[in-house]
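Overview (structure and organization)
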Amino acid sequence: MKKSVSRRNFFNQTIGIGAGALLLPLFPKINLRSSADRNKPLIITSHSNETGQKAMETGWEVLMKGGSAVDAVEKAANIIEVDPEDTSVGYGGLPNERGVVQLDASFMDGKTYSAGAVACLENIKTPASVAKLVMQHTDHVILVGTGALEFAKAWGFAEENLLTEKARKIWLRWKEEMSPADDWGAPEHLQNIMKKESYRKDFPDIEHHYGTTNVLAIDTNGDIAGCTTTSGLSFKLNGRIGDSPIIGAGLYVDNEVGAAGATGRGEDVIKSCASYYIVLRMKEGRTPQQACEDALRMIVDRYRKVNPDYFPSEKFVAINRVC
Ligand code: GLY
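What you see is a predicted model, and the numbers here were worked out from it, not measured in a lab.

1. As for a nonpolar patch on the surface
On the surface, a cluster of nonpolar side chains totalling about 220 Å² of accessible area is made up of Val141, Ile142 and Val144. Position of Val144 among the secondary structure elements: in strand S5 (residues 142-144).

Take a look at the structure:
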């Protein structure tokens, strides 16, 4: 589908990344595309490490062979999900308070507006692929827990233990470091534990406790797709679901406008319908960068009314069509 939305005065900017701080100098530099790039494919992720790079190469290869944005996004997300070193997504993700890894993921196809998601899925390394199957083979949008697992097994996914030794040790240390004053998974308490010197020394690379990844792509037909996948808030309550499997919160895609995805504290993203908000802002003519900043401002304005010290952990990625 190549329908143009040029009357809406879109900018020639296709990638916008809003960092999780409302300090404008911290926003990463954006890449610009011109209208000459209109038919060129594109893929981006919020994961900036080596695995993210490998994921982009994999997704790019799919796009270069004429594959769909849906397939490119899935293949790229899977690379990040199966990385055992990544404690924020898929296999190797940090577990919930009981030591059980529960994964959330969503998928959306901007061409058909179809969406699929899984939440609290255990024992399956690639929840993005299960979410894609929910999208393509059911008229439901979200499957949860044992229902999601049954569905995955019916499609031939193998059950595997997702708790790596690395994640188990971090979880045990979290339990050890709890004090009687600690609350049950409250964010402040979690952050306090993570800041403890002994924890930081033993686990210097554990930075993202709401870590998640988004993958967004445009294929050579101009079709747009996106996926958000995560192990969610580390040490969360059993059964807690974040923003990642909630369409409109952790992900939204519209072929005529673009796509957006969120990482960071899921509760705040859910309450602000942030990804849908970003896509709406782009529809109104805001660039992806501006739309991501708008979402952060909207969140900060709201929560600072209640808590003047509120500081957002959210990060957004967005792409729009070049017209
Ligand atoms: N954004 C991931 C989560 O809060 O679960």
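2. With respect to the site of the ligand
Around the ligand, the neighbouring residues are Tyr210, Thr212, Gly232, Leu233, Arg240, Gly242, Asp243, Ser244, Gly264, Arg265 and Gly266. Between Thr212 and the ligand, the recorded distance is 3.2 Å, taken from a side-chain N or O atom to a nitrogen atom. When isolated, the ligand has an accessible area of 200 Å², and the protein chains bury 100% of it. Here the shell around the ligand is built from residues that sort into two nonpolar, six polar and three charged.

3. Quick notes on the nonpolar core
Counting residues in each nonpolar core, the largest one holds 35 residues, and the members touching the most others are Ile43 and Val130. Contributing elements (two or more residues each) for this core: helix H1 (50-64), helix H2 (69-81), strand S3 (103-109), strand S4 (114-121), helix H3 (127-137), helix H4 (145-154), strand S6 (212-218) and strand S7 (224-230). Counting residues per element, this core draws most heavily on H2, which supplies eight residues. Look past the residues within four positions of Ile43 in its chain and what remains in contact with it is Met56, Gly59, Trp60, Leu63, Ala72, Ala76, Val215, Leu216 and Ala217.

4. A word on empty space enclosed by the protein
Overall, the coordinates contain one cavity of 30 Å³ or more when judged by the stated rule. When its volume is computed, the largest cavity comes out at roughly 40 Å³. Looking at the largest cavity, the residues that line it are Asp104, Tyr210, Thr212, Thr230, Gly232, Leu233, Arg240, Gly242, Asp243, Ser244, Gly264 and Gly266. Residue classes in the lining of the largest cavity are distributed as two nonpolar, seven polar and three charged.

5. So, the side chain of Glu81
Along the chain, the position of Glu81 falls in helix H2. Summary of buried charges: Glu81 has no salt-bridge partner, and the nearest side chain of opposite charge, Lys75, is 10 Å away. Among the polar contacts made by the side chain of Glu81, one reaches the side chain of Asn78 at a distance of 2.9 Å.

Procedures and definitions
- Residues numbered from 1 in each chain as written.
- Predicted model: local features only at pLDDT ≥ 70, side-chain atom pairs only at ≥ 80, totals over all residues.
- Heavy atoms only, no water.
- Patch = residues over 30% accessible without salt bridge, like charges linked within 9 Å, V, L, I, M, F, W, Y side chains within 5 Å.
- Areas by Shrake-Rupley, 256 points an atom, 1.4 Å probe, with all protein chains shown as cover.
- Salt bridge = Lys/Arg side-chain N within 4 Å of Asp/Glu carboxyl O.
- Helix = DSSP H or I, 4+ residues; strand = E, 2+ residues; numbered from the N terminus.
- Near = heavy atom within 4 Å.
- Polar contact = N/O pair within 3.5 Å; in protein donor to acceptor, adjacent residues only side chain to side chain.
- Nonpolar A, V, L, I, M, F, W, Y, C, P; charged D, E, K, R; others polar.
- Core = buried A, V, L, I, M, F, W, Y, C linked by side-chain atoms within 4.5 Å.
- Buried < 20%, exposed > 50% of the residue type's maximum accessible area, 1.4 Å probe, protein only.
- Contact = heavy atoms within 4.5 Å.
- 1 Å grid on protein atoms, 1.4 Å probe; cavity = no way out; pocket = protein on both sides within 12 Å on 5 of 7 lines; lining within 4 Å.
- Points joined across faces, edges and corners; volume = space filled by probe spheres on them.
- Lys, Arg positive; Asp, Glu negative; His and termini not counted.

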